[in-house]
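Residue-level structure breakdown
As a plain string of letters, each chain reads:
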Amino acid sequence: MFVYEKKLQYPVNIKTPNPKLAKMIMSQFGGPDGELGASLRYLSQRFTMPLPELKATLTDIGTEELSHLEMIGAILYQLTKGLSEKEIKDAGFSDYFVDHTLGIYPGSASGVPFTAAYIQSKGDAITDLHEDLAAEQKARTTYDNILRFADDPDVKDAIRFLRAREVVHYQRFGENLRILTDKLDSKNFYAFNPEFDKKCFKNQMKNK
Amino acid sequence: MTEREIMMKKLSSYQFTIDDLQLYLDTHPNDEKTIEKLNETIAEFTPLKDKFESLYGPLTADENSQNRWCWIKAPWPWETEEVE
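Small disclaimer: the values here were computed from a predicted structure and weren't measured.

Within chain B, the secondary structure is distributed over two helices and zero strands. Its C-alpha radius of gyration of 15 Å places chain B more than 25% over the 12 Å reference for a compact globule of 84 residues. Counting only C-alpha atoms and orienting by the principal axes, one finds that chain B spans roughly 45 × 30 × 20 Å. Out of the 84 residues belonging to chain B, those deemed buried represent 6%. Within chain B, residue pairs in contact and separated by at least 24 positions form 43% of the contacts whose partners lie at least 6 positions apart.

Structure follows, in structure tokens:
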């Protein structure tokens, strides 16, 4: 189960609204490499993972991604709070406004609504861990791209925290892959699906 | 920053240390030094959290200690506080 805690993982205190910047950061809410996709990906994949370390990592990172989703939501809310019609028009925010007013909606910077097609749960631990490693790097690049355009120090501070977490998660997933392959046949890791062909673990035991 | 924000920031940094150590332990479950560090951090975090909740209201819905429902009271974490 999940228990909600009434605090952000890292504080978000933005003093100056900036709808242009909100439009870019929106992608990390519901875009192709965003936090919603990240949490759904890991929290879906974890059920069939073959080792306890992998189940724990996916559960904990998947949960952390939900708190990142909340941080991004807070950034978007604070960047668009109390805007006037003129400010909305001048910032080119009117297209978003027509569809969502100032509500926070999961979509990409280019306006594509969130879709589960952004993620995969393949039922093969090697495949899924490679997807997860790639996902962390894609999110890291997106944060790097956002940082190119963000000049508000309050926004940059929170974005830099989120970017650093992608790097830590990448490290943890790398360790997951090593923990998994250490238990497989080193001659050919890809001869079996470690989630479906249970005998690939048994073979390894026999060799020991 | 308000007194509440200063205390929340401290609380968040302890919580973050706890979360990051826990994640590290998922792939290093036999690292005794990290477990020790985790327990130390939790021991420092818990009284601070209790103090925060007694001053500013519950962080989780099951921590209601008064005879009225404090959970619905602001501020919510995405809201910025007005400068006092």
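Let us look at the interface of chain A and chain B. Contact residues are listed per partner, giving 24 residues for chain A and 15 residues for chain B. Listed by contribution, the elements that provide at least two residues to the side of chain A that touches chain B are helix H4 (52-80) and helix H8 (153-181) of chain A. Examining the composition of the side of chain A that touches chain B, we find that ten residues originate from one element, H4(A), more than from any other. Looking at the side of chain A that touches chain B residue by residue, the class counts come to ten nonpolar, six polar and eight charged.

Another aspect to go through is the confidence of the model for chain B. With 96% of its residues at a pLDDT of 70 or more, chain B has an overall mean of 92. Complex prediction metrics read pTM 0.95 and ipTM 0.93.

Residues and elements named next belong to chain A. Counting buried positions along helix H3 (residues 35-45) gives eight out of eleven residues, so the element sits mostly inside the fold. Within the sequence span of H3, burial applies to Glu-35, Leu-36, Gly-37, Ala-38, Ser-39, Arg-41, Tyr-42 and Gln-45. In the core, the buried residues of H3 are packed alongside helix H2 (27-30), H4 and helix H7 (125-149).

Our next topic: the packing of H4(A) against helix H1 (residues 3-27) of chain B. For any two helices packed against each other, the geometry is given by the interaxial angle and the distance between the axes. The interhelical angle for the contact between H4(A) and H1(B), taken along N-to-C directions, is 155°, at an axis separation of 8 Å. Between H4(A) and H1(B), the interaxial angle falls into the category roughly antiparallel. Crossing geometry of H4(A) relative to H1(B) is assigned as left-handed. Facing Glu53(A), Ala56(A), Thr57(A), Asp60(A), Ile61(A) and Glu64(A) of H4(A), the residues of H1(B) in contact are Asp19(B), Gln22(B), Leu23(B), Asp26(B) and Thr27(B). Class assignment for the residues of the contact of H4(A) with H1(B) results in three nonpolar, three polar and five charged.

This part covers the nonpolar core. Residues and elements named next belong to chain A. Ranked by size, the top nonpolar core spans 39 residues in total, and within it Ile-25, Met-71, Ile-75, Leu-76 and Ala-158 carry the most contacts. Of all the elements in the fold, those that place two or more residues in this core are helix H1 (19-25), H3, H4, H7 and H8. Of all the elements, H4 adds the most residues to this core, at ten residues. Non-local contacts of Ile-75, meaning those with residues more than four positions away in its chain, are made with Val-12, Ile-14, Ile-25, Val-155 and Ala-158.

Residue placement: Asp19(B) occurs in helix H1. Considering only alpha carbons, one finds Asp19(B) and Leu38(B), 19 residues apart in sequence, at a separation of 9.1 Å.

Structurally, Pro194(A) is set in the loop between H8 and helix H9 (199-207). Residues in contact with Pro194(A), not counting those within four places in the same chain, are Pro50(A), Ala125(A), Ile126(A), Leu180(A), Leu184(A) and Cys200(A).

To continue, consider H1(B). Since there are 3.6 residues in each turn of an α-helix, residues three or four apart along the chain are aligned in direction. For H1(B), built from 25 residues, the straight-helix expectation of 36 Å at 1.5 Å per residue is met to within 8% by its first-to-last C-alpha distance of 38 Å. Along H1(B), the residues classified as buried are Met8(B), Gln15(B), Leu23(B) and Asp26(B). Where H1(B) is buried, its residues contact H4 and H8 of chain A together with helix H2 (32-56) of chain B.

Analysis parameters
Residues numbered from 1 in each chain as written. Chains lettered and ligands numbered in written order. Predicted model: local features only at pLDDT ≥ 70, side-chain atom pairs only at ≥ 80, totals over all residues. Helix = DSSP H or I, 4+ residues; strand = E, 2+ residues; numbered from the N terminus. Rg over C-alpha atoms; globule rule 2.2 N^0.38 Å. Buried ≥ 20, exposed ≤ 12 C-beta atoms within 10 Å, placed from the backbone. Contact = placed C-beta atoms within 7 Å. Nonpolar A, V, L, I, M, F, W, Y, C, P; charged D, E, K, R; others polar. pLDDT = per-residue confidence, 0-100. Axes fitted to C-alpha atoms, helices over the stretch in contact; angles between N-to-C directions. Parallel < 35°, antiparallel > 145°, perpendicular 65-115°, else oblique. Left-handed = near helix turned anticlockwise from the far one by under 90°. Core = buried A, V, L, I, M, F, W, Y, C linked by C-beta atoms within 7 Å. Expected span 1.5 Å × (residues − 1).

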